[in-house]
Amino acid sequence: MYVIGTAGHVDHGKSALVRALTGIDPDRLQEEKDRGLTIDLGFAWLTLPGGEEVSIIDVPGHERFIKNMLAGVGGIDLALLVIAADEGVMPQTREHLAILDLLEVGHGVVALTKSDLVDSDWLDLVSAEVTELLAPTSLGAAPVVACSAVTGNGLEELVSTLETALSATPAPRDIGRPRLAIDRAFTIAGFGTVVTGTLLDGSLAVGQDVEILPAGARARIRGLQNHKQRVQRAEPGRRTAVNLGGVAVADLERGMQLNLPGQANLSSTADVRLRVIAGASLKHGARCIVHHFAAEAECRVGLLEGEKLAGAEGWAQLRLARPLPLLPGDHFVVRAGGETVGGGTVVEIGVKRHRRGDTNVVNRLEAIYSGGTSPALMALERLQPCTLERLARELPDASIEQMVAALKQGRAVPYGAHYVTSERHEETLGLVTRRLQSYQSAHPLRLGMPGEDLRRQLGASSEFFGALLDHFVAAGIVQRHGSVVALAGWTPRPSQQQRQDLEAFQAALRANPFSPSPPALEAELAVYAEALGVAVRIGDVFLGRDAYEAMVAGVIEAAREHPITLAEVRDKFSTSRRYAQALLEHLDQIRVTRRVGDARVLREAPRRSQGTEAS
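Throughout this document, residue positions are counted from 1 along each chain, in the order its sequence is written. With pLDDT at 70 or above as the cut-off, local features in this predicted model cover only qualifying residues; side-chain atom pairs require 80 or more to be listed or tallied, and sums for whole chains, interfaces and linings still use all residues. The side-chain numbers reported here are obtained from all heavy atoms of the structure, hydrogens and water having been left aside.

Caption draft 1: Region of interest: the packing of helix H3 (residues 66–73) against helix H4 (residues 91–102). Closest axis-to-axis distance for the H3/H4 pair is 11 Å, and the angle between their directions is 35 degrees. In the packing of H3 onto H4, the handedness of the crossing is right-handed. Packed against H3, whose contacting residues are Ile66, Met69, Leu70 and Val73, the element H4 presents Gln92, Glu95, His96 and Ile99 at the interface. Between N-to-C directions, angles span 0 to 180 degrees; the directions come from axes that are lines fitted to C-alpha atoms, helices contributing only their stretch in contact. Put simply, DSSP H or I for four residues or longer makes a helix, DSSP E for two residues or longer makes a strand, and each gets a number counted from the N terminus. Should the near helix be turned anticlockwise from the far one by less than a right angle, the crossing is left-handed, and should it be turned clockwise, the crossing is right-handed. Note on contacts: a residue pair is in contact if any heavy atoms of the two residues lie within 4.5 Å.

Right, dumping it as C-alpha cells:
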C-alpha cells in the first residue's frame, strides 16, 4: 500500500483531478464546496489497473494554507505535482516543489492539467519549462503527463504512469515500531474518538494499547479502518482511521503522534543537516517554525559553523519551544516570516547544546550522516550508560542484534544490561581506582570505602552502579566486603604501635568479658577492631565478640520466660549498670526487644546482630 500526495498552485485543478481519478470528492468541508477552494487536507483512494489500492492526500494550494499542505506530505511515497497547462509554473508550484525536495520525496509524476484549454505548441513550452524546473530537485526524473479532468483526456495514461512510478518506489518500511501522525481527530456517534493519519514503520491491531505524544495520553484501539473498510490489522503505508477508547477528542489535536507505549521519546533538541533553499538565508539564533509530519513547533536555529547559512547546506541544532517525537532520519521543513526557507534531516536527538565551531561535534555528525560510523555507537556516546532498549527507541531502523554487533565492533563495554563506550569504561576505571586509592590512603585501617559514597562520587544510578561493581569484581579490579568496596587485594595495614594497642585492647576485653575496662583506641583503630570481628560496639562501650553473643543469647532466653529488667541483666552477667543499659538499648535498636515500662519483651521475630560493617 502506498500514499500519493498532491502538490501545486491554487486553482490548478488538484481536487478536480482527484475526483476524476477516484470518483471521490476530497473537499469535505462545506466552506471548501461553497468557495471552490481547498482549505484543508482531503482524502481519497484509487485502485490501479493491477488491482493495488493506493491512498491519495489532496492538499490545499493557496499560500495561506501551506501549513495544512505540510501536514499532509510528510509521509507520502509519491508526489503528484499538478500544474495547470494554461498558467504554467506559479509561485506555489515552486514552493510546493521546494518542500518536496527538502523532504527528499524522490518519486513523483507531474500532471499538466487543463490541457484541453491550450494548443500543442503551448503545451510543449509548458512541458519544457516544467522539465527544467524539476531537473535540480529530488523529482528530476518525474515523468510529465498532459491530461484534463473535464474531458478525461490523458487520465488513463496518468493512472498507468502512476502505477509504473509506484512499482519503482520502495515498499513502506516495517520495523515493528508503528507511528501515526494525527492529521484529524473527531467523534463519531456510537463509536467515540477517531483519529486519522498515515501509518508508518509498523502495524497496528485492534485491542492494542497505544500512547499519544506529546500529551502522554494512553488509549486502547477499539477499531481500525482503511478506506472505510474495517480491518483487524492495519499495515504501514496506509491511510488509517483509528477508533480509540479511553481518551476524549478534546485531549487530541493535529500533530500529535500515536505510538505503542514506550516506543517513542520526545526531544526538545536535535542536531540536523540543514539545507537553506536558494534565495533564502538563516542567521544563527533565528526564530523559525519547524514542521515535522503533521506537527509544528517554534524553534531557534543554532548554526554550528558560521553566522549565516544562505542557499547552502550546513550543520545546525534545532532548539524547540515544545518537544516533538523526532527520530534520526526524519525529515523536516523550516519556515520563517510566512515563507519556506529550508529543511533537512534529523541526525541526533535529545542532544546537549554545543559550543559553536567545535570540530569534534561536526566530525561526529559527518560520520553519522555519511554512514561511516555506527549510529548505535554514536547514540551510546550521547546517552551512556544506556540499555539496548533505550537505544532501540533512538534507532528505529536497527534491530537489537544489529545494535549488539555494532556495539561490539565499536568496542562498547557491557556492564550487565547497560553499555558504555570503551573510552567511558577507561575513564570510569581510572576514576574508581583513584577514588579508592585516595580513600585507602586516608583510612589505611578500613576494609574499604562505603559503596554509597563511591556511587555518589561517580554520579551513577543505583542500578547502574550495581552493574558496574559486578563488572569490576568479575574483572578482578575491585573487591567487596558487604557494603564497602576496595581495590582487589587490599587489606588494612596497622602500624607496629597500632598492633600493640590492639593486643592490649583485646586482653582487657578477655580479662573481664561482661564489664571490661579496655584502654581507649584511636577512632580508626576502633573501626578496624570491629572489622576484624574481635570487638562489638554497643553505644559508647565495647564488648568482645564472644561476650557480646553470650549476653544477647542470655537476654533472649530470659525474655522468652518473662519481661526482663535492666537490674536482671546486670545481675545475670555480674556486669555494671552502664553495660546492661547499653546492651538493652542496643537490642531495642536492632529490633530484638522492645521496652514496655521498665522491662523489655521480645519482638515476634527477634534476630541476632552480627555487629556492624567497617566503613
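What follows continues from the structure just given.
Caption draft 2: Up close: the nonpolar core. Buried Ala, Val, Leu, Ile, Met, Phe, Trp, Tyr and Cys residues that are joined via side-chain atoms within 4.5 Å together make up what is termed a nonpolar core. Working definition: with a 1.4 Å probe on protein chains only, accessible area under 20% of the residue-type maximum means buried, over 50% means exposed, and in between means partly exposed. In terms of nonpolar packing, the biggest core is built from 64 residues, with Leu274 and Val290 touching the most fellow members. Each residue touching Leu274, except ones within four places of it in the same chain, is listed here: Leu282, Val301, Leu303, Leu309, Ala312, Glu313, Gly314, Ala316, Phe332, Val334 and Gly343. With 24 residues, the next largest nonpolar core counts Met551, Phe573, Ala582 and Leu584 among its residues.

Caption draft 3: Focus on the pairing of strand S30 (residues 484–487). Strands are labelled as partners when DSSP assigns at least two bridges between them. Here two bridges tie strand S28 (residues 449–450) to S30, and the two strands are oriented antiparallel to one another. Residue pairing for S30: Pro450 is matched across the bridge by Val484. In this structure, strand S29 (residues 478–481) lies alongside S30, joined through four bridges in antiparallel fashion. Across the sheet, Val478 pairs through a bridge with Leu487, a residue of S30. Between S29 and S30, which pair antiparallel in sequence order, lie two residues; one of them, Gly482, sits at a positive phi of approximately 65 degrees.

Caption draft 4: Seen up close, the pattern of salt bridges. Salt bridges are defined by distance alone: a side-chain nitrogen of Lys or Arg within 4 Å of a carboxyl oxygen of Asp or Glu. Here the structure, examined in full by the defined rule, presents 25 salt bridges. The closest approach of N and O atoms between Arg364 and Glu348, which form a salt bridge, is 3.0 Å. Taken together, the residues Arg364 in helix H7 (residues 359–370) and Glu348 in strand S24 (residues 339–349) connect sequence positions 16 residues apart. In this structure Glu348 comes out as buried when scored by relative accessible area, which is 2%. Note that Arg600 is salt-bridged to Asp588, the shortest N-O span being 2.9 Å. Here the residue Arg600 occupies a position in strand S35 (residues 599–602), and Asp588 occupies one in helix H18 (residues 577–589), the gap between them amounting to twelve residues. Under the relative-accessibility criterion, Arg600 is labelled buried at 6%. Several salt bridges share partner residues, and in doing so they unite Arg173, Arg179, Asp201 and Asp330 into one network.

Caption draft 5: Layout of unusual backbone geometry. Going from Leu213 to Pro214, the amide bond is cis rather than trans, its omega being 5 degrees. Considering the arrangement of structural elements, one finds Pro214 in the loop between strand S11 (209–213) and strand S12 (217–226). Phi at Glu104 is positive, roughly 55 degrees, even though this residue is not glycine. Mapping Glu104 onto the fold places it in the loop between H4 and strand S5 (108–113).

Caption draft 6: Structural detail: H3. Summarising burial for H3: seven of the eight residues are buried, a large majority. Turning to H3, its buried residues number three or more, namely Ile66, Asn68, Met69, Leu70, Ala71, Gly72 and Val73. Against strand S1 (3–7), strand S3 (53–58), H4, strand S19 (286–292) and strand S23 (331–336) lie the buried residues of H3.

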